[in-house]
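This is what each chain is made of:
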Amino acid sequence: MKYQLVKQQPAELPDFLQNLNPEQRKAASTTDGPLLIIAGAGSGKTRVVTFRIAYLLEKGVAPYTILALTFTNKAAQEMKERISAMVGGNTAGKVWAGTFHSIFARILRSEAEHLGYSSSFSIYDSDDSLSVIRSVMNTLGISQQQVPPQGVRSRISGAKNQMIGWQRYAAEAANILEKQTGQIYQEYEKRLRTNNSMDFDDLLLNMIVLLNNFPDILKKYQERFVYIHVDEYQDTNRAQYVAVKLLASGHHNLCVVGDDAQSIYKWRGADIRNILDFQKDYADASIVRLEQNYRSTKTILSAADSVISNNRKQLAKKLWTDNPEGSKITILPARDDREEADMILSSVRSEMNDNFLTAKDFAILYRTNAQSQALEDALRRANIPYTIVGGMSFYKRKEVKDTIAYLRLLVNPSDSESVLRVVNEPPRGLGQTSIQHIKTYADERNITIFEAFEQGQLIGSIQKRAGQAAENFTELVKRFREVKDSLPPAELAVRFVEATGLLKMFKDENTEESLDRWNNVQRLLSNIVEMETREENATLETFLQQIALVSDTDDTDMTQNKIALMTMHAAKGLEFPVVFIAGMEQGLFPMGRAENNPEEHEEERRLFYVGITRARTKLYLSHAERRFKFGELTYAQPSKFIGEISDHLIEYKTGNSPYQKPTPVKQHVVRQQEVKVTRTPFFDDIPQEESYSQIPPEPLTNLRVGLKVRHAQFGVGTIQALTGEGAKAQALVYFATVGKKHLMLQYAKLQPV
DNA sequence: TGGCCGAACCTGGTG
DNA sequence: GGTTCGGCCA
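This section reports on the structure supplied with the text.

### Examining the pattern of salt bridges
Side chains bearing opposite charge may pair, as long as their charged atoms lie close to each other.
Part 1 of the reasoning: Per the counting criterion, the structure on display carries 42 salt bridges.
Part 2 of the reasoning: Close ionic contact of Glu 111 with Lys 220 constitutes a salt bridge, the shortest N to O distance being 2.8 Å. Placement of Glu 111 in helix H6 (residues 100–111) and of Lys 220 in helix H12 (residues 215–224) is noted, with a sequence separation of 109 residues between them.
Part 3 of the reasoning: Its salt-bridge partner being Glu 585, residue Arg 627 comes within 2.6 Å of it at the nearest N-O pair. With Arg 627 in strand S14 (residues 615–629) and Glu 585 in the loop between strand S13 (576–581) and helix H29 (598–612), the pair connects residues that are 42 residues apart, well separated along the chain. One exposure class covers both Arg 627 and Glu 585, and it is buried.
Part 4 of the reasoning: Among the ionic contacts, a cluster of salt bridges with common partners joins Lys 45, Asp 231, Glu 232, Asp 235 and Lys 572.

Listed below in structure tokens is the structure:
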């Protein structure tokens, strides 16, 4: 069988393709024409795509004619690194590999004039969009109580992802809410235009407008991108689908990779039909199925399979593995979120000791970011290193956003959002009233806010002092705009931010919080310095574009020896030896609102499938009888998803918690399955501190499992386990030279390295 | 104008 | 539990 396949393939296939299995090899070497790779979880998808690109490069294809689109920066990063490792950084660096948003932003940046933007357009993130929407609603006199701005934003974004403009949206509006949304949508678009700004959705939409309206440009990019790859194709939305189709209709060499079972982004417009209908769209498409899983044990894979088989819509495929049976899936039933965290930690501890694992071998996954709190507390108390992927983003902090807004002012004078954001930060004596008058003044004369500020003293409706303050502000910005191109970006940014008084304000306030903010601003500024050393022709514009498109999911360093905490969404594409999925409860996972909606319910199930298949050797599922939500104690039943896993794959860890069952809480307000009480009664009843912790105390040394240490005789090794106390304390250390050694700490004198 | 306080929202996930 | 917004007062 193997022989025959080798014979079928032309002999000139490079050696490195021999490292792939027959299907993988077929996928990597089928370079011409449309190709659909259905890649099950853990089937070596990224490997195949990178091998394919390496193969193309090997064949002499020019790197800058290869386009690879991903959804996350992380995926793009990984792809670039792997290609680099195979063909060298020089060639790899020229491949167009990046997220849809970043690649399109790059193209739009250079073609901006065609669309009536300047190339220094700002990119608004969802918070920026939201504040524009709020401001629009104020102008239109639409109450934010009656019409939640968040909902407006998601409806507008949804429309944009379906490529529905405000005209059509307004025309098709079926109820008052949609009519109002249409109104806001129209004004919102106008604002972004005059601000010379695009939101995330515009990056996709404007790309399509560009390709549709300018045949020359379409031709240019169709010719440039000879080989196009799209990762996670099941997650593409309408706009992405159309853009890809336009680009690929030149050379028809479109390779899409995806797994319908891992489609978890319907809520942001992903259309699963894009992958289901690929063969209809591209009649001559080849299809390759990657069904061998190299990641997980048979147990984990069967569990994933038994869960996903409850979904109806699926592409035919059957994952299998040669990996061992592995141990059963362990359920951790906890009384509350705190005990859940402790049970997870004690499992971490015993896995570390029994199987010589270190922190980086573990991931704790959850449905909502809010769940990280209890887990973090426990990890901190136990002194176990951890890292949070995603969550409250550094770039979403107020002080960081303010700094970014200041920097945007230097490059994009039309960006009124940014002007208004920082004009009184630090306080410059320009309150809401004055600003409202200046806005009116600007509207009447059809000038930008910034221009109105420049004429501050001429504005009759505001006080002299406010007018002066407005002018001073513009002077400050203009002073730095003038020197913008003669200073290196980092120096420009540092001096400008210094001059704004933002840093001084935080210093003067001198509270823990304000110093923290000061630090964050410094951290952002040092990012510019870093970029400057990394890229030769770095400008403030490129910096702003880069940070507009990064999320915190991306810049977490997963190589550090830390336990990773993240949502299951953020975990897609990753794998860990041991995975915990926390919060397996009805109403939390699956989420409450998915309960009565079959489609959403199936999406939740696919998310669970993604979560399960992150695990290589061991999976734990935990649930709590009650947990804090919005500062309130809520009760829930274990998730029905647990019941979808075949019984023989599961074992229960019995609740052997030494702490006493708390006295029943008084005054329940019962609604369906949930019981809510206020926080106080429950916590007053039980001792606050570690009395019920199952975690053994930390050894009193600076040594930790996972730590690299030097031994006089054996050299450098890694601590696999620590046992005993005082004079009996022992470490199990793995040395590259001599293998595992049990060492008495009082004699061995291990030095951390 | 700006600071303080309570109310109301939030948390469903990403670029 | 945190954050943001709006109202009230100095």
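### Quick look at the packing of aromatic side chains
Part 1 of the reasoning: Evaluation of the coordinates by the stated rule reveals 18 aromatic pairs.
Part 2 of the reasoning: On the basis of an interplanar angle of 85 degrees and a centroid distance of 5.8 Å, the ring pair of Tyr 406 and Phe 496 is categorised as edge-to-face. Linking Tyr 406 in helix H19 (residues 398–411) with Phe 496 in helix H24 (residues 489–500), this pair joins segments that are 90 residues apart in sequence. Neither Tyr 406 nor Phe 496 differs from the other in exposure class; each is buried.
Part 3 of the reasoning: Taken together, the ring pairs in this structure connect Phe 71, Phe 100 and Phe 104 into an aromatic cluster.
Part 4 of the reasoning: Across the ring face of Tyr 282, the terminal group of Lys 245 is positioned such that the distance to the ring centre comes to 5.9 Å.
Part 5 of the reasoning: Between the NZ or CZ atom of Arg 268 and the centre of the ring of Tyr 265, over which it lies, the distance is 4.0 Å.

### Overview of H19
Part 1 of the reasoning: Counted at 1.5 Å a residue, the expected span for H19 with its 14 residues is 20 Å, and the 20 Å between its end C-alpha atoms agrees.
Part 2 of the reasoning: Of all 14 residues in H19, 13 are buried; the element is thus mostly enclosed.

### Looking at the side chain of Gln 545
Part 1 of the reasoning: Summarising the element assignment, Gln 545 is placed in helix H27 (residues 540–548).
Part 2 of the reasoning: Assessed through its relative accessible area of 15%, Gln 545 is described here as buried.
Part 3 of the reasoning: In contact with Gln 545, other than residues within four places in its own chain, are Ser 102, Ala 105, Arg 106, Arg 109 and Ile 123.

### Describing the sheet that holds strand S2 (residues 66–70)
Part 1 of the reasoning: The six strands are arranged S3-S2-S6-S7-S1-S8 in an open sheet whose pairing can be described as parallel. A strand with exactly one partner marks an edge of an open sheet, and here the two such strands are strand S3 (96–99) and strand S8 (286–290). Within this sheet the neighbouring strands show an average axis-to-axis angle of 15 degrees, counted without direction.
Part 2 of the reasoning: Of the pairings in the sheet, the one linking strand S1 (residues 35–39) to strand S7 (residues 254–258) comprises four bridges and is parallel in character. Residue pairing for S7: Ile 37 is matched across the bridge by Val 257.
Part 3 of the reasoning: With respect to the sheet, helix H3 (residues 45–58) is in contact with S1, S2, strand S6 (227–230), S7 and S8, its orientation differing from that of S6 by roughly 170 degrees.
Part 4 of the reasoning: Sheet contacts for H6: S2, S3 and S6; angle to S3, the most-contacted strand, approximately 115 degrees.

Analysis parameters
- Residues numbered from 1 in each chain as written.
- Chains lettered and ligands numbered in written order.
- Predicted model: local features only at pLDDT ≥ 70, side-chain atom pairs only at ≥ 80, totals over all residues.
- Heavy atoms only, no water.
- Salt bridge = Lys/Arg side-chain N within 4 Å of Asp/Glu carboxyl O.
- Helix = DSSP H or I, 4+ residues; strand = E, 2+ residues; numbered from the N terminus.
- Buried < 20%, exposed > 50% of the residue type's maximum accessible area, 1.4 Å probe, protein only.
- Phe/Tyr/Trp six-rings, centres within 6.5 Å; stacked < 30°, edge-to-face > 60°.
- Lys NZ or Arg CZ within 6 Å of the ring centre and 35° of its normal.
- Expected span 1.5 Å × (residues − 1).
- Contact = heavy atoms within 4.5 Å.
- Pairing = 2+ DSSP bridges.
- Axes fitted to C-alpha atoms, helices over the stretch in contact; angles between N-to-C directions.

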